[in-house]
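An overview of the molecular structure
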Amino acid sequence: MSKFDKFADAMSLAAEKIDGNKYLSVIKNAFSTFMPFIIVGSFASLGNYVLTNTTTGLARFSVFSFLTNLAPAFTALNFATMNIITLGIVVLMGILLARKNKGNELLSALVALSAYIAVVPQSTSVTVEEQLYTASGLPVASTNASGLFVGMILTLVVVELFNRLCNVERLKIKMPAAVPPAISRSFNALIPVVIILFIVGIAGRVYVILTGDYINETIYAILQRPMEFFLQTPTGTIGLAIFSQLFWAVGIHGGLVISAIRAPIMASALAENIEAVANGLTPMNPITMSTWRAFINIGGGGLVLSLAICLLLFSKREDGRAIGKLGLIPSIFSISEPIAFGLPLVLNPLYVVPYVLSAGVSSVIVILAFNIGFLTPNFVDVPYGLPIIINAFLGWGWRGVVVQIIIIAAGVLTYLPFVLVHNRQEVHEVAETGGEQ
């Protein structure tokens, strides 16, 4: 067995373990389900920025001053989507995990939500004219992306325990046959609900007494924030991009493999950018899911759009040009499979180097564009599937289009030596077969 075969087997085994993990699957699917709300929230923020804002929007012109009346609507939409993202993810994960456990989905979601609210602050304070006022209610820091990690961890633990307790016959309250099934199921789950919520609530309070902090504040400080910071560094971005492509190289969807790690961190980064713009500040997180789609993975994993262009321009093989034609249009819409499996790139020792390193090339270029100030962090979530140029323009304007074109050109140069080697391989293949086709 060659070293490449051993590498492929190792990556396949790792992907199988990750894909088979129900907890990672639940996290991934929860964020995929919530994605439409993230898009709505970001576009609501964009509406305020370009329409209702009296400094940056159309409302700065007197003829459009009436647009300021729409600001509360856009602000409400942003709050109802991005500022409650943790609550939405907790509910979705509760449903999805219960579904995998064949448990009660609705009750599991409600238990997870109640447990989370029980361990975070339930009041907020504000100082007005040197007077401190406290009011009941969940602080935004407990409901927005800052609470994602503790919400996810707590949901996995609580729902898993709740589903197991619900299967313990001794904990079920038996109701007469005449009682409606819905009421009977609720009473069956009464004792597990009581046990879990009392344990979580008391444990949360004990933690506050011992440390002086709420658990969500601690988890954010020691786990979530460092991970968010690392991903915004060149090492974190380039490393994650290449790691994803290693799986693609052996025929495994790298994006799906890393999505459970990537999704909450990038959702939090975008949420912080949106919040900054809503408060009149400058967004600070360059690496979001939109950045990944529009720049790091142009045309799909491995810059296959660049490869399609390279094949059409420089391939002397009929099969190479045919694959280039076949994959060009799909790759414009970030669909890479026709080329990945048609050339193929998957399990192909010749193309494995550019296929993997192309993600690093695109990452370096976009990071450089941010570092020199040519690009600024986005606050609009660019939906998956938008064609190139349009997705870059929507998120970053004309500057984004320029960077995208540069990355595509760099990708062509990255693949060019290997396409030329592929051409020479055809000459050897024809010579070995005596010119037979």
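In short, a report on the structure. What you are looking at is a predicted structure, and each value in this text was computed from that prediction instead of being measured. (Residues numbered from 1 in each chain as written. Predicted model: local features only at pLDDT ≥ 70, side-chain atom pairs only at ≥ 80, totals over all residues. Heavy atoms only, no water.)

1. Here's the deal with the overall build of the protein
Within the protein, the secondary structure is distributed over 18 helices and 2 strands. Excluding contacts between residues fewer than 6 apart, the proportion of contacts in the protein whose partners are at least 24 apart in sequence is 70%. When the accessible surface of the protein is split by element, carbon and sulfur atoms take 68% of a total near 21300 Å². (Helix = DSSP H or I, 4+ residues; strand = E, 2+ residues; numbered from the N terminus. Contact = heavy atoms within 4.5 Å. Areas by Shrake-Rupley, 256 points an atom, 1.4 Å probe, with all protein chains shown as cover.)

2. Comments concerning helix 7 (residues 148–166)
For helix 7, built from 19 residues, the straight-helix expectation of 27 Å at 1.5 Å per residue is met to within 8% by its first-to-last C-alpha distance of 26 Å. For helix 7, the tally of buried residues reaches 15 of 19 residues, placing the bulk of the element in the interior. (Expected span 1.5 Å × (residues − 1). Buried < 20%, exposed > 50% of the residue type's maximum accessible area, 1.4 Å probe, protein only.)

3. Digging into the packing of helix 2 (residues 22–52) against helix 12 (residues 254–278)
Helix-helix packing is described using two parameters, namely the angle between the two axes and the distance between the axes. It is at 10 Å that the axes of helix 2 and helix 12 come closest, and there the two elements cross at 20°. In this view, helix 2 runs roughly parallel relative to helix 12, as classed from their interaxial angle. Crossing angle aside, the handedness with which helix 2 passes helix 12 is left-handed. Each of Leu 24, Ile 27, Lys 28, Phe 31, Ile 38, Gly 41, Ser 42, Ser 45 and Tyr 49 in helix 2 lies in contact with helix 12, whose residues at this interface are Leu 256, Ser 259, Ala 260, Ala 263, Pro 264, Ala 267, Leu 270, Ile 274 and Val 277. (Axes fitted to C-alpha atoms, helices over the stretch in contact; angles between N-to-C directions. Parallel < 35°, antiparallel > 145°, perpendicular 65-115°, else oblique. Left-handed = near helix turned anticlockwise from the far one by under 90°.)

4. Side note on the packing of aromatic side chains
What the rule picks out here adds up to 5 aromatic pairs. Between Phe 243 and Phe 247, the ring centres sit 5.1 Å apart and the planes meet at 85°, which makes this aromatic pair edge-to-face. In this pair, Phe 243 and Phe 247 are both assigned in helix 11 (residues 234–248), 4 residues apart and thus about one turn of the helix distant. Classification of Phe 247 as buried rests on a relative accessible area of 1%. Here the basic side chain of Arg 262 rests over the ring of Trp 292, its NZ or CZ set 5.0 Å away from the ring centre. (Phe/Tyr/Trp six-rings, centres within 6.5 Å; stacked < 30°, edge-to-face > 60°. Lys NZ or Arg CZ within 6 Å of the ring centre and 35° of its normal.)

5. Looking at the side chain of Asp 381
Mapped onto the fold, Asp 381 is located in the loop between helix 17 (352–371) and helix 18 (390–432). Here the side chain of Asp 381 touches Ser 290 through a polar contact of 3.1 Å, side chain to side chain. Setting aside chain neighbours within four positions, we find Asp 381 in contact with Met 35, Ile 38, Ile 39, Ser 42, Phe 43, Leu 270, Ser 290 and Arg 293. (Polar contact = N/O pair within 3.5 Å; in protein donor to acceptor, adjacent residues only side chain to side chain.)

6. Concerning unusual backbone geometry
Omega for the bond connecting Leu 343 with Pro 344 falls within 30 degrees of zero, at -5°, which places this linkage in the cis form. Relative to the helices and strands, Pro 344 is located in the loop between helix 16 (337–342) and helix 17. In this structure, Leu 303 is a non-glycine residue whose phi angle is positive, near 50°. With respect to the secondary-structure elements, Leu 303 resides in the loop between helix 13 (289–296) and helix 14 (304–314). Here the phi dihedral of Ser 334 falls at roughly 70°; this positive angle occurs in a residue that is not glycine. Tracing the chain through its elements places Ser 334 in the loop between helix 15 (318–332) and helix 16.

7. A few points about the pattern of salt bridges
Overall, the coordinates contain 7 salt bridges when judged by the stated rule. Here Lys 22 ties to Glu 160 by a salt bridge, and the two come within 3.3 Å at their closest N and O atoms. One end of the pair, Lys 22, is in helix 2; the other, Glu 160, is in helix 7, and 138 residues separate them in sequence. One network of salt bridges, with partners in common, ties together Lys 22, Glu 160 and Arg 164. (Salt bridge = Lys/Arg side-chain N within 4 Å of Asp/Glu carboxyl O.)

8. Considerations on the environment of Gln 232
By the secondary structure assignment, Gln 232 is in the loop between helix 10 (215–231) and helix 11. Sequence-distant contacts of Gln 232, that is, excluding residues within four places in its chain, are made with Thr 237, Ala 269, Asn 285, Pro 286 and Ile 287. A polar contact is formed between the side chain of Gln 232 and the backbone nitrogen of Ile 287, at a distance of 2.9 Å.

9. Details of the nonpolar core
Ile 89 and Phe 295 are the most contacted members of the largest nonpolar core, which has 83 residues in total. If we ignore the near neighbours within four places in the chain, the residues touching Ile 89 are Ala 30, Phe 31, Phe 34, Leu 148 and Met 152. Judged by nonpolar contacts, the second largest core, of 22 residues, contains Leu 307, Ile 339, Val 352 and Val 356. (Core = buried A, V, L, I, M, F, W, Y, C linked by side-chain atoms within 4.5 Å.)

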